[in-house]
Amino acid sequence: MSTTPNPIASQWQTMRKARRIMVVAIGLLFVSQFFTYHEYSGTGTLSVDADWNTYGTYWPDLEPVGTGWQIHPQAWIVIPALAIVYFTAFCERAWWRRWGYLASVFLVMICLAHGQQWVTGTRLGLGAWALSIWSAVQNRNERKAAEPPAIP
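Keep in mind that what you see is a predicted model, and the values were worked out from it rather than measured.

J.: How would you sum up the packing of helix 5 (residues 94-110) against helix 6 (residues 120-146)? Please name residues and give values.
T.: Closest axis-to-axis distance for the helix 5/helix 6 pair is 9 Å, and the angle between their directions is 170°. Viewed along their axes, helix 5 and helix 6 adopt a mutual orientation that is roughly antiparallel. Between helix 5, through Arg97, Arg98, Tyr101, Leu102, Val105, Val108 and Met109, and helix 6, the contact on the second element is made entirely by Ala128, Trp129, Ser132, Ile133, Ser135, Ala136, Asn139, Glu142 and Arg143. Here the contact of helix 5 with helix 6 is built from residues that sort into nine nonpolar, three polar and four charged.

What follows is the structure in structure tokens.
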């Protein structure tokens, strides 16, 4: 029996640890967008127009309740863009390794800004944000380890 090499598995094994962590963070952020993000413990008002069409529930702070895709329109652009960057060799460029991971932490953060801690979407999004921070720290440590030692 012959075994066929799996190109995805071999690509995963050759990725640096910081890049693998960021890929997992992006995947978790993608999944989190399918859950409800904003929740309020008070009473809500269902928005109904003259033709009895409902457009969502609005809470006293006038924030809409919905999934991440509904509340975070920027996620439609940010998540695929980050996925493309980290699934290709683009993220291995020197300037991206220096500043791109920090920018990615900010981009992940703007895709999870709404919600309270006990809401599933928010919890998953905060987990993705924590993983992206860990990835940025790991990237810094990998860059420091690769630098030649300073001459006294």
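J.: Any details on the environment of phenylalanine 90? Residues and values, ideally.
T.: With respect to the element layout, phenylalanine 90 can be found in the loop between helix 4 (75-87) and helix 5. Phenylalanine 90 sits in the partly exposed class, given a relative accessible area of 27%. Ignoring anything within four residues of it in the chain, the contact list for phenylalanine 90 reads Val85, Trp95 and Trp96.

J.: Give a detailed account of the nonpolar core, specifying residues and quantitative values.
T.: Grouped together as the largest cluster of nonpolar side chains are 26 residues, with contacts concentrated most on Ile26, Leu29, Tyr86 and Tyr101. At the level of secondary structure, the elements contributing two or more residues to this core comprise helix 2 (17-32), helix 4, helix 5 and helix 6. Contacts of tyrosine 101, omitting those with residues within four sequence positions, involve Arg16, Ala18, Arg19, Met22, Tyr86, Cys91, Trp96, Ser135, Ala136 and Asn139.

J.: Can you explain helix 4? Please cite residues and give values.
T.: With 13 residues, helix 4 extends 17 Å from end C-alpha to end C-alpha; this agrees with the ideal 18 Å at 1.5 Å per step. Of all the positions in helix 4, only Ala75, Val78, Ile79, Leu82, Ala83, Val85 and Tyr86 are classed as buried. Around the axis of helix 4, the buried residues are gathered within 165° of arc, so they sit on the same side. Exposed residues lying more than 90 degrees from the buried face of helix 4 are Trp76, Ile77 and Ile84. Among the structural elements, helix 2, helix 3 (68-71) and helix 5 are those in contact with the buried residues of helix 4.

J.: Go over the packing of helix 2 against helix 4 with me, naming the residues and quoting the values.
T.: Geometry of a packed helix pair, given as the angle between the helix axes and the separation of the axes. Contact geometry of helix 2 with helix 4 gives a least axis separation of 10 Å together with a crossing angle of 155°. When the axes of helix 2 and helix 4 are compared, the pair comes out roughly antiparallel. Judged by the twist between their axes, the crossing of helix 2 over helix 4 is left-handed. Within the contact between the two elements, helix 2 uses Arg19, Met22, Val23, Ile26, Leu29 and Phe30 and helix 4 uses Ile79, Leu82, Ala83, Tyr86 and Phe87. Taken together, the residues of the contact of helix 2 with helix 4 sort by class into 10 nonpolar, no polar and one charged.

Cut-off values and rules
Residues numbered from 1 in each chain as written. Predicted model: local features only at pLDDT ≥ 70, side-chain atom pairs only at ≥ 80, totals over all residues. Heavy atoms only, no water. Axes fitted to C-alpha atoms, helices over the stretch in contact; angles between N-to-C directions. Helix = DSSP H or I, 4+ residues; strand = E, 2+ residues; numbered from the N terminus. Parallel < 35°, antiparallel > 145°, perpendicular 65-115°, else oblique. Contact = heavy atoms within 4.5 Å. Nonpolar A, V, L, I, M, F, W, Y, C, P; charged D, E, K, R; others polar. Buried < 20%, exposed > 50% of the residue type's maximum accessible area, 1.4 Å probe, protein only. Core = buried A, V, L, I, M, F, W, Y, C linked by side-chain atoms within 4.5 Å. Expected span 1.5 Å × (residues − 1). Arc of directions from axis to C-beta. Left-handed = near helix turned anticlockwise from the far one by under 90°.

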